[in-house]
Structure formats: C-alpha cells, structure tokens
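What follows is the residue order along each chain.
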Amino acid sequence: MPENARNVALTVLVVIAILAVLRWASGFFIPLMLGLVFSYALSPVVDWLQARKVPRALSAAVLILGILGGTGGSVYALADDANELIASLPDAARKVRDVLRKPKKEASTLETVQQAATELQKATEGAPAGGTPRGVQRVIVEKPRFDLRDHLWTGTIGLANVVGQTVIITFLTYFLLLSGDTFRRKLVKIAGPGLAEKKLTVQALDEINAQMQRYLLVQLVASVAVGVCTGIAFALLGLNHAAVWGVAAGVLNLVPYVGSVVVTGGAALVAFLQFNGSVNMALAVAGVSLLINTIEGNLLVPLATSRASSMNPVAVFIGVLAWGWLWGVWGLLLGIPILMAVKAVCDRVDHLKPIGELLGN
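These numbers were taken from a predicted model, which means no experiment stands behind them.

Looking at this model, I keep getting lost on the overall build of the protein chain. Mind explaining?
Scanning the protein chain from N- to C-terminus turns up 14 helices and 0 strands. Walking the protein chain from its N terminus toward its C terminus, one meets helices and strands in the order α-α-α-α-α-α-α-α-α-α-α-α-α-α. Residues classed as buried in the protein chain amount to 29% of the 361 residues present. The contacts of the protein chain with a sequence gap of at least 6 include a subset with a gap of at least 24, amounting to 68%.

This is the structure in structure tokens:
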C-alpha cells in the first residue's frame, strides 16, 4: 500500500475512534468542558478580587454560590408563569392546526340538512328504550394540568440527574478557579525541552484565554440585551408572560441558530392563541423576535467578536452541527468555544496548520 494512502486510512480511523470515544464518554466530557468554559468566564472576576487581597478560595466560592442562588431564585419566581406558558403551547398548536384544516368554503344547505339528519339518527339509535335513566351523572375525564415541578421529578432527565450534574460542574469550576494558572505552568513545563516549544505553548494558551473570555463576555452581554429587548417588546405588544419570554430568549440565545427559531415559533403560537386566532398579531410577535435576533446575530455580535477570532462561518456552522450531533444541546452550546481552541492550537503546529486555515476566514 502506498505511504500516502496508509496515512490517510490511519487518519480516518483515528478520527472515527475519537468521535466514538467523545460520543460514548459524553457523560464525562460534557461536565468537563462546561467546567472549563465557566472557569474561563469567571476567572477575570476572581483574578480582579485576588489582586485586591481577597483570598482566591473565598472569592471563587462566593461568586459561584451567588450565581447559583440567583439562578435558583429566578427559576422559583418564574415557575408559575412558565407552567402556564408551557401548558398553553399544545392548545395554541391545536388551534393553528384547526385553522389550517378548516375548509375554505361553507357547506351548502343540502349538506347541512343531511348532516343534521345523520346526527339525529345516531342520537335516536343510541337512546335507551325507556328514556334517559334518572340518577345517572355525566362524567368528564380531564387531563391533568402540566406542572413543571412534576416534570422535573418524573421526566426523562430526572431531578436527581440534573442535581448531580450541577454539583459536578460546580465543584469542577471551583477547583479550576482555585488552581489559577497552575495547569498553565504545568502545560508549559511539559511542552518540550526547547524554548521554541514552550513559546508556542504560551502563545496558544494566551490566545485561547483571550478569545474564550472575549467570546463569553460578548455572548453574555448579547444574551442579556436580547432577553431585555424581547421582554419589553412582547410586553408592549400585550403578550402574556413577557418576562418568561425574555428569560427564555436570553438563555436560548446562547444556542446558535436554534435558540432564536424556538423562541420565535413558540411566541408566535402563543400569540395566535391569546389574540383569538389573529394572524396579524402572531406575525407581529414573530417579526419583532426575528428583528431583535437579526440585529444581534448579524450586526452587534460579529462586530464585537471580529477582533477576537476570524472564524469561517461555514466551518463554524458545520462544526456546530457536528458537536450538536455528538452531544445534543450541550454540543450546540460548546461547539464554538471548542472550535476556537482547536483553531488556536492548529495555527501554531506545523502539520495542523491546514486545519487552522480551514477554520479561518
């Protein structure tokens, strides 16, 4: 076998093996990557507090506990509104389906008479001989109302699994923040005996650190802006539970490409139900949501992140799809940070530079 063909075959086998391990061990890699991303996001605050004589262990613990407490309080405060909102989605979808299936022309007089005669015949045949018996009560079976808290207990994810993953990610983030630049020094030390290898390692780590922190800061600011603007716009349009929609828009804005579509579609469905089948109001709500996400995604975020990383949009889209296939929603969230780190490494390793060129503009 020619040497080039052997190298290509080995490369393909290695890539397949890596993908299989990433998919099989997703329960280990997802909390690890989330902990790394959170440590990158919170390390500037901890470093700033440490420079002002605040112990690193104390500042990291207070910061993490404050974030968890604020998140838990927000979820508890909005739980009832979220319950009502989620419970209204099936009714909205059913109403849209009925409108789409509704015949465009009314039935003729002859068809109406025939339908009435058929209903009378069914009622006559189904009636008992002695008339309606007395003392018989009509029983109506109602479906239980959707409850978000019950779903967390009995749903497919399970409350225990969510709590366990949260605890793992919390402690991992805390230990990474506590370690500071310990792992950075260790990576530089084991990079190689030569000064060139150590210099390349330092440059790659610096670039990953700068790009990751800038990207996360921009995404945080953009998500808060999208959430606030969406909540205010929906409130002005008269949509119920505007605060819940604002929080959902801000959180789902972190999911590339998919989050804005979910918020726009769900808000349009709920608006269609709330405003008694008004297509104009549904389109207005959807249009406002699309406008906010378009301005944020195509104007503000690219301008803010252009200096941090020049990523190829096509490569980013394909990469996000690949990570979403591997890890689901978590892959969509972590896809871009992982690609940024991969590009920073590939740009400084000679035999990996073609991959860095492929990911870049």
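Would you explain the environment of N361 in this entry?
If you trace the backbone, N361 turns up in the segment after α14 (353–359). Residue N361 is classed as exposed on the basis of its relative accessible area of 65%. With 46 residues separating them in the primary sequence, N361 and A315 have C-alpha atoms 9.2 Å apart.

Would you take a moment to explain the nonpolar core for this structure?
Counting residues in hydrophobic clusters, the biggest one holds 26 residues, and the most contacted among them are W323, W327, L334, I336 and I338. Of all the elements in the fold, those that place two or more residues in this core are α2 (26–51), α8 (195–237), α12 (313–327) and α13 (329–346). For this core, the leading source of residues is α13, giving 7 residues. When neighbours within four sequence positions are excluded, I338 is seen to be in contact with M33, W323 and W327. Judged by nonpolar contacts, the second largest core, of 16 residues, contains V226, F234, A242 and A271.

What should I look at first to understand the UniProt feature "transmembrane region" (unreviewed entry) in the protein chain in this one?
The residues that UniProt annotates with the feature "transmembrane region" (unreviewed entry) are residues 7–22, 28–46, 58–79, 152–177, 215–237, 243–272, 279–295 and 315–342. With 100% helix and 0% strand, the stretch residues 28–46 has end C-alpha atoms that lie 26 Å from each other. Within residues 215–237, the helical portion is 100% and the strand portion 0%, while the C-alpha atoms at the span's ends are 32 Å from each other.

Could you clarify how one ought to interpret the packing of α8 against helix α9 (residues 242–252) in this entry?
The relative placement of two packed helices is expressed as an angle between their axes plus a distance between the axes. Between α8 and α9, the shortest axis-to-axis distance is 7 Å and the interhelical angle comes to 155 degrees. For the element pair α8 / α9, the angle class is roughly antiparallel. In the packing of α8 onto α9, the handedness of the crossing is right-handed. Of α9, the residues touching α8 (which contributes S223, V226, G227, T230, G231, F234 and A235) are A242, W245, G246, A249 and G250. A breakdown of the residues in the contact of α8 with α9 according to their chemical character gives 6 nonpolar, 6 polar and no charged.

Sorry, what's going on with the pattern of salt bridges here?
As a working rule, side chains carrying opposite charge can pair if their charged atoms are close by. Under the criterion given, the structure shown has 2 salt bridges. Measuring nitrogen to oxygen at the nearest pair gives 2.8 Å for the salt bridge that ties D47 to R56. According to the relative accessible area criterion, D47 is partly exposed, its value standing at 36%. We classify R56 as buried; its relative accessible area is 12%. Where D347 meets K343, a salt bridge forms, and the shortest distance between an N and an O atom there is 2.9 Å. A relative accessible area of 26% means that D347 is categorised as partly exposed. Overall, the relative accessible area of 11% leaves K343 in the buried class.

Which parts of the structure should I look at to understand the side chain of K343?
Take K343: it is sitting in helix α13. Here the side chain of K343 touches D347 through a polar contact of 2.9 Å, side chain to side chain.

What counts and what doesn't
Every chain begins its residue count from 1, and numbering advances along the sequence as written. Where totals are concerned, whole chains, interfaces and linings use all residues; where local detail is concerned, this predicted model gives features only for residues with pLDDT of at least 70, and gives and counts side-chain atom pairs only at 80 or more. Excluded from the side-chain calculations are hydrogens and water; all other atoms, namely the structure's heavy atoms, are used. Where helices and strands are cited, they refer to DSSP runs of H or I of at least four residues and of E of at least two residues respectively, numbered from the N terminus. Exposure categories follow from relative accessible area, calculated using a 1.4 Å probe and restricted to protein chains: below 20% of the type maximum is buried, above 50% is exposed, and the middle band is partly exposed. In what follows, residue pairs with any heavy atoms lying within 4.5 Å of each other are defined as contacts. We define the nonpolar core as a collection of buried residues of types Ala, Val, Leu, Ile, Met, Phe, Trp, Tyr and Cys that are connected through side-chain atoms lying within 4.5 Å of one another. UniProt positions are given in the numbering used here, feature names are shortened, and annotations may be inferred rather than shown by experiment. Axis lines are fitted to C-alpha atoms, over the contacting stretch for helices. Their N-to-C directions set the angle, which ranges from 0 to 180 degrees. Relative orientations are named as follows: roughly parallel for angles under 35 degrees, roughly antiparallel for angles over 145 degrees, roughly perpendicular for angles from 65 to 115 degrees, and oblique for any other angle. Should the near helix be turned anticlockwise from the far one by less than a right angle, the crossing is termed left-handed; should it be turned clockwise, right-handed. In this classification, the charged set is Asp, Glu, Lys and Arg, the nonpolar set is Ala, Val, Leu, Ile, Met, Phe, Trp, Tyr, Cys and Pro, and all remaining amino acids, among them Gly, are polar. Any carboxyl oxygen of Asp or Glu within 4 Å of a side-chain nitrogen of Lys or Arg constitutes a salt bridge here. Identification of polar contacts relies on pairs of N or O atoms within 3.5 Å, with a donor-acceptor requirement for protein atoms, meaning one able to donate a hydrogen and the other able to accept it, and with residues adjacent in sequence counted only if both atoms are side-chain atoms.

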